[in-house]
Amino acid sequence: MRVIVFDAMGVLYRYGNVQGRVLIPYLRAQGCAAPEEEIRAAYRSVTLGRMTTDEFWPALGLDRRVRRWFVSSDLGARKPDPAAYEAVLGELGVPAEQVLFVDDRPVNRVPARSLGMRAVLFRSDDTGVPSGPCVGSMPELVAAAKAGGRPGRPGRRG
């Protein structure tokens, strides 16, 4: 695998209130001193497509921790529309076979697989009872990535 593409909600972020429970605490932990109103305004701008994700993080004074963020408003498509996955592959410039896609919703893995990506189910509160192999923690995901995108059997939530 050369690239791992993560879903945000349910995989990277556990909470639905991403601004108050994830984004703002994360920014504060990283040293961002921007007022909360400014953070919320920037988040609204990026989710509406008025600002790109490449503009969002520097606007809040942060070093980039992730090489590239893909947001539906930037792509012009949302999962599970295959156009979203095609746009990501086009931006990455790597063959689909070299991409591991991680999502907590089984329906979102179908288009990824149809395009040739490996796809791993990440257990979350939205996943329900997994019917096949899945991962529930970052250590399990690392092991699955090392195994070529093949997670172990369903198990406890990690």
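Since we're looking at a predicted model, the values are computed, not measured. (Residues numbered from 1 in each chain as written. Predicted model: local features only at pLDDT ≥ 70, side-chain atom pairs only at ≥ 80, totals over all residues. Heavy atoms only, no water.)

Peer 1: So what exactly am I meant to see when it comes to the pairing of strand E2 (residues 99-103) here?
Peer 2: Both faces of the sheet carry side chains from a regular strand, because those side chains alternate between them. Most of E2 is tucked away: five of the five residues are buried. Burial along E2 is two-sided: Val99, Phe101 and Asp103 and Leu100 and Val102, pointing in opposite directions, are all buried. When strand E1 (residues 3-6) meets E2, the two strands line up parallel, connected through four bridges. Across the sheet, Val3 pairs through a bridge with Val99, a residue of E2. In this sheet, strand E3 (residues 118-121) lies alongside E2 in parallel orientation, the contact comprising four bridges. Looking at E3, one finds that Asp103 is bridged to Leu121. Read from E2 through helix H6 (residues 106-114) to E3, the crossover connection turns out right-handed. (Buried < 20%, exposed > 50% of the residue type's maximum accessible area, 1.4 Å probe, protein only. Helix = DSSP H or I, 4+ residues; strand = E, 2+ residues; numbered from the N terminus. Pairing = 2+ DSSP bridges. Right-handed = clockwise from strand over helix to strand, strands pointing away.)

Peer 1: Hey, could you run me through a nonpolar patch on the surface in this one?
Peer 2: Taken together, the side chains of Ile4, Phe6, Leu12 and Met138 make up a nonpolar region of the molecular surface, amounting to roughly 300 Å² of accessible area. According to the relative accessible area criterion, Phe6 is partly exposed, its value standing at 33%. (Patch = residues over 30% accessible without salt bridge, like charges linked within 9 Å, V, L, I, M, F, W, Y side chains within 5 Å. Areas by Shrake-Rupley, 256 points an atom, 1.4 Å probe, with all protein chains shown as cover. Salt bridge = Lys/Arg side-chain N within 4 Å of Asp/Glu carboxyl O.)

Peer 1: Mind showing me how you'd approach the confidence of the model for the chain here?
Peer 2: Interpretation of this model should avoid reading the predicted coordinates in detail wherever pLDDT is low. With 89% of its residues at a pLDDT of 70 or more, the chain has an overall mean of 83. Across the chain, the secondary-structure element scoring lowest on mean pLDDT is helix H4 (residues 72-75), at 82, and the one scoring highest is helix H5 (residues 82-92), at 95. Low pLDDT, under 50, characterises residues 154-158; the predicted model gives this stretch 14 contacts beyond four residues in sequence or across chains. (pLDDT = per-residue confidence, 0-100. Contact = heavy atoms within 4.5 Å.)

Peer 1: Help me understand the packing of aromatic side chains, please; the structure alone is not making it clear to me.
Peer 2: The geometry of an aromatic ring pair comes down to the distance between the two centres and the angle between the two planes. Inspection of every chain in the model, using the stated rule, returns three aromatic pairs. Their ring planes at 85° and their centres at 6.3 Å tell us that Tyr26 and Trp57 sit as a pair that is edge-to-face. Separated by 31 residues along the polypeptide, Tyr26 in helix H1 (residues 18-29) and Trp57 in helix H3 (residues 53-59) bring together distant segments of the chain. We classify Tyr26 as partly exposed; its relative accessible area is 30%. Ring geometry for Phe56 and Trp57: centres 4.9 Å apart, planes at 80°, overall edge-to-face. Through a chain of ring-to-ring contacts, the aromatic side chains of Tyr26, Phe56 and Trp57 assemble into a single cluster. (Phe/Tyr/Trp six-rings, centres within 6.5 Å; stacked < 30°, edge-to-face > 60°.)

Peer 1: Which parts of the structure should I look at to understand the sheet that holds E1?
Peer 2: In any sheet, the strands associate via hydrogen bonds between backbone groups, in a parallel or an antiparallel arrangement. What the three strands build is an open sheet, ordered E1-E2-E3; its pairing is parallel. Of all strands in the sheet, those with a lone pairing partner are E1 and E3, marking the two edges. Recorded for the sheet is a direction-independent mean angle of 20° between the axes of neighbouring strands. Lying over the sheet, H6 contacts E2 and E3, oriented at roughly 170° with respect to E3. (Axes fitted to C-alpha atoms, helices over the stretch in contact; angles between N-to-C directions.)

Peer 1: Any chance you could explain the pattern of salt bridges here in plain terms?
Peer 2: Charged atoms that come close allow side chains of opposite charge to pair. Enumeration over the complete set of coordinates arrives at four salt bridges. Arg123 is the salt-bridge partner of Glu140, the closest N and O atoms lying 3.4 Å from each other. Residue Glu140 is located in helix H7 (residues 138-146), and its partner Arg123 is located in the loop between E3 and H7; the two are separated by 17 residues in the primary sequence. The class for Glu140 is partly exposed, based on a relative accessible area of 31%. By sharing partners, the salt bridges in this structure join Asp7, Lys79 and Asp103 into a single network.

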